[in-house]
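Spelled out, the chains give:
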Amino acid sequence: MTRSTSTSAEPRSAAPAFDLDRIRADFPALRQEVHGRPLVYLDNAATSQKPQSVLDVIERYYEQDNANVHRGIHELSRRATVAYEEARKKVAAWIGASNPAQIVWTRGTTDAINLVAHAWGLDHLGEGDEILLTVLEHHSNIVPWQILAGRTGARLRYVELDEQGRLVLDDLETGLVNERTRLVTVSHVSNALGTVNPLPRIIEAAHAVGAIVLVDGAQGAVHTKVDVESLGADFYALSGHKMCGPTGIGALWGRRELLETMAPYQGGGEMIHVVDRDASSWAAVPHKFEAGTPNIVGAIGLGAAVDYLSGIGMEAVEAHERDLLAYALDRVGSVPGVRIFGPESQDERSAVVSFTLGDAHPHDISTILDTEGIAVRAGHHCAQLVMKHFDVSATARASFYLYNTKDEVDRLVEGLDEVRRIFA
Ligand code: 7TS
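As the structure is a computational prediction, the values presented were derived from the model and not from experiment.

1. Here's the deal with the pattern of salt bridges
Pairs can form between side chains of opposite charge whenever their charged atoms are close.
Okay, so step 1: With the rule as written, the count across this model stands at 28 salt bridges.
Okay, so step 2: For glutamate 86, the salt bridge is made with lysine 89, and the minimal N-O distance between the two is 3.1 Å. Note that glutamate 86 and lysine 89 are positioned in helix 3 (residues 75–94) at a spacing of three residues, about one turn of the helix.
Okay, so step 3: The salt bridge partner of arginine 166 is glutamate 348, with a shortest N-O separation of 3.4 Å. Of this pair, arginine 166 sits in the loop between strand 6 (155–159) and strand 7 (181–187) while glutamate 348 sits in the loop between strand 13 (338–341) and strand 14 (352–357), placing them 182 residues apart in sequence.

Take a look at the structure:
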């Protein structure tokens, strides 16, 4: 993640100043009490809250424009189609893709990864080929490849982690990436630890042996400005619900030559050119990968989320989160008995604090915090290989977003003091 080193006194962009009170007021869900206390929502790596502008766009679509896309000549269908395709352009611009046709709508990151595993993997992998993953991955960037390996005879290999939860990349140069490697798949940012992976080095090593690279961007584009074209990966996957958009929508960006030569993922309406009795031909990219009635309102809602985040400016979001993370690492780290997982250098981490507290089980930590109105996630975070690496069954995880405050970090720390009292 590129970090801005400028201070808040220096103008960074034309975006308006970062006004935290105004931003919080945009999110209705933040204005509630939970168990009699003002909600402190620190489970943003799981999903983010939604601003009013996104909720309004969804409501307006159903009230006024609801129709199926790409099929009707009538006015409502025209409006729905225009809004749906405009949203695709917004997501493309958001991640630096010059061609919106390279954005395939999916249900989310998981669906995008499965799309690549099926539509690319089944045709390109065989016995003896290697898929390189990392121990840091979310299960959705492991299990699809295991299934694919089972079907094709390909072998899975892993980049290991060091004691700080960073990828051991020196292994890339000593044979882990080799002439048998066909695909390297890696997260931009770890959901379990917040580790920010050095993508350029990984992409360079993969491309040097002719392998393609998929980046799981579920926790990446959410927090930082991404430019897929200069990044140079072959696929980038993201989920709308983690970046202020609705659930059930996400996107896969892919290199055009790959998307064009890949087989369809699913068959059905809208993905065909001509259907005959025994065979059919396919619609152009990206529609070839979008069988059936899509999540129209999801796409439009994600477009509104992109508008919202663009209006604030990702540099400002990043600077705020960086400041908050420094404060949280310091405050949570000073609670007696706390062990924080992940890189020591803040430059190598994103807005996640994954921790344990003495002998308290993370589920108990989370339950006690919940009684104080504080939402954190406890468990393996769909990253059991990471837990195994650190020899723990679970951690508690506070994950931050643009609307979180230092006061909320203080509330978290007070909650942890309560956990300590109970377990003393
Ligand atoms: N990859 C990463 C790095 C993730 O963090 C997640 C979701 C996914 C893939 C899957 O995304 P989905 O939108 O398709 O479900 N991560 C989490 C989490 O940390 N807690 O709940 C979901």
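2. Side note on the packing of aromatic side chains
Okay, so step 1: Overall, the coordinates contain six aromatic pairs when judged by the stated rule.
Okay, so step 2: Pairing tyrosine 401 with tyrosine 403 gives two aromatic rings, centres 5.8 Å apart and planes at 80°, and the pair type is edge-to-face.
Okay, so step 3: A residue is classified by how much of its surface remains accessible, and tyrosine 401, at 1% relative accessible area, is buried.
Okay, so step 4: Relative accessible area serves as the criterion here: at 0%, tyrosine 403 is assigned to the buried category.
Okay, so step 5: By way of ring pairs, the aromatic residues Phe27, Tyr308, Tyr401 and Tyr403 are connected into one cluster.
Okay, so step 6: Above the ring of tryptophan 94, the side-chain terminus of lysine 225 is found at 4.9 Å from the ring centroid.

3. Quick notes on the nonpolar core
Okay, so step 1: Ranked by internal contacts, the top residues of the largest apolar core, which has 75 residues, are Ile95, Met243, Leu309, Val386 and Leu402.
Okay, so step 2: The element contributing the most residues to this core is helix 9 (residues 296–312), with 11 residues.
Okay, so step 3: Structurally, this core is a two-domain feature, drawing no fewer than three residues from each of domain 1 (20–42 + 313–423) and domain 2 (63–310).
Okay, so step 4: Apart from the residues lying within four places of it in its own chain, the contact partners of methionine 243 are Ser48, Trp94, Val222, Leu238, Leu302, Ala305, Val306, Leu309 and Tyr401.
Okay, so step 5: One finds Ala328, Val338, Leu369 and Val376 within the second-largest nonpolar core, a separate group that totals 27 residues.

Calculation criteria
- Residues numbered from 1 in each chain as written.
- Predicted model: local features only at pLDDT ≥ 70, side-chain atom pairs only at ≥ 80, totals over all residues.
- Heavy atoms only, no water.
- Salt bridge = Lys/Arg side-chain N within 4 Å of Asp/Glu carboxyl O.
- Helix = DSSP H or I, 4+ residues; strand = E, 2+ residues; numbered from the N terminus.
- Phe/Tyr/Trp six-rings, centres within 6.5 Å; stacked < 30°, edge-to-face > 60°.
- Buried < 20%, exposed > 50% of the residue type's maximum accessible area, 1.4 Å probe, protein only.
- Lys NZ or Arg CZ within 6 Å of the ring centre and 35° of its normal.
- Core = buried A, V, L, I, M, F, W, Y, C linked by side-chain atoms within 4.5 Å.
- Domains from an automatic or database assignment.
- Contact = heavy atoms within 4.5 Å.

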